[in-house]
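# Structural description and commentary
The residues making up each chain are set out below.
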Amino acid sequence: MTHALHWQKSTFSGGGEGNTCVELAATPTTLHLRESDTPNAQLTTATAPLTHLIRGIKSGRFAPGRRI
């Protein structure tokens, strides 16, 4: 049985009503991300890989010009 996802806009998306927002929906085992202007294109992942990506971005690991 498929449940409808409850999408939430990011607080960093400018707060406007336009289609420039990042949205997130969570289930017990997955996270779903999409942009408001292309709601049919979704990225689905588990929490651990997304947590590692966000930590890497915040630490500067993926900064322009830096070799991984």
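Attention in this report is confined to the structure presented alongside it. Predicted, not measured: the structure shown is a model, and the values here were computed from it.

The rules we used
- Residues numbered from 1 in each chain as written.
- Predicted model: local features only at pLDDT ≥ 70, side-chain atom pairs only at ≥ 80, totals over all residues.
- Heavy atoms only, no water.
- Pairing = 2+ DSSP bridges.
- Helix = DSSP H or I, 4+ residues; strand = E, 2+ residues; numbered from the N terminus.
- Salt bridge = Lys/Arg side-chain N within 4 Å of Asp/Glu carboxyl O.
- Buried < 20%, exposed > 50% of the residue type's maximum accessible area, 1.4 Å probe, protein only.

Direction of pairing for strand β3 (residues 31–35) relative to strand β4 (residues 38–45): antiparallel, over a ladder of five bridges. By the bridge assignment for β4, Glu35 is matched with Thr38. Between β3 and β4, which pair antiparallel one after the other, the connecting turn spans two residues.

This paragraph deals with the sheet that holds strand β1 (residues 8–9). Spatial strand order, β1-β2-β3-β4: four strands in an open sheet with antiparallel pairing. For this open sheet the edge positions go to β1 and β4, each flanked by a neighbour on one side alone.

Once that is clear, we can look at the pattern of salt bridges. Taken as a whole and judged by the stated rule, the model has one salt bridge. Close ionic contact of Arg34 with Glu23 constitutes a salt bridge, the shortest N to O distance being 2.5 Å. Of this pair, Arg34 sits in strand β3 while Glu23 sits in strand β2 (residues 22–26); the two residues are eleven residues apart in sequence, bridging distant segments of the chain. The burial state of Arg34 is the same as that of Glu23; both residues are buried.

The values reported here are purely geometric and, on their own, carry no functional implication.
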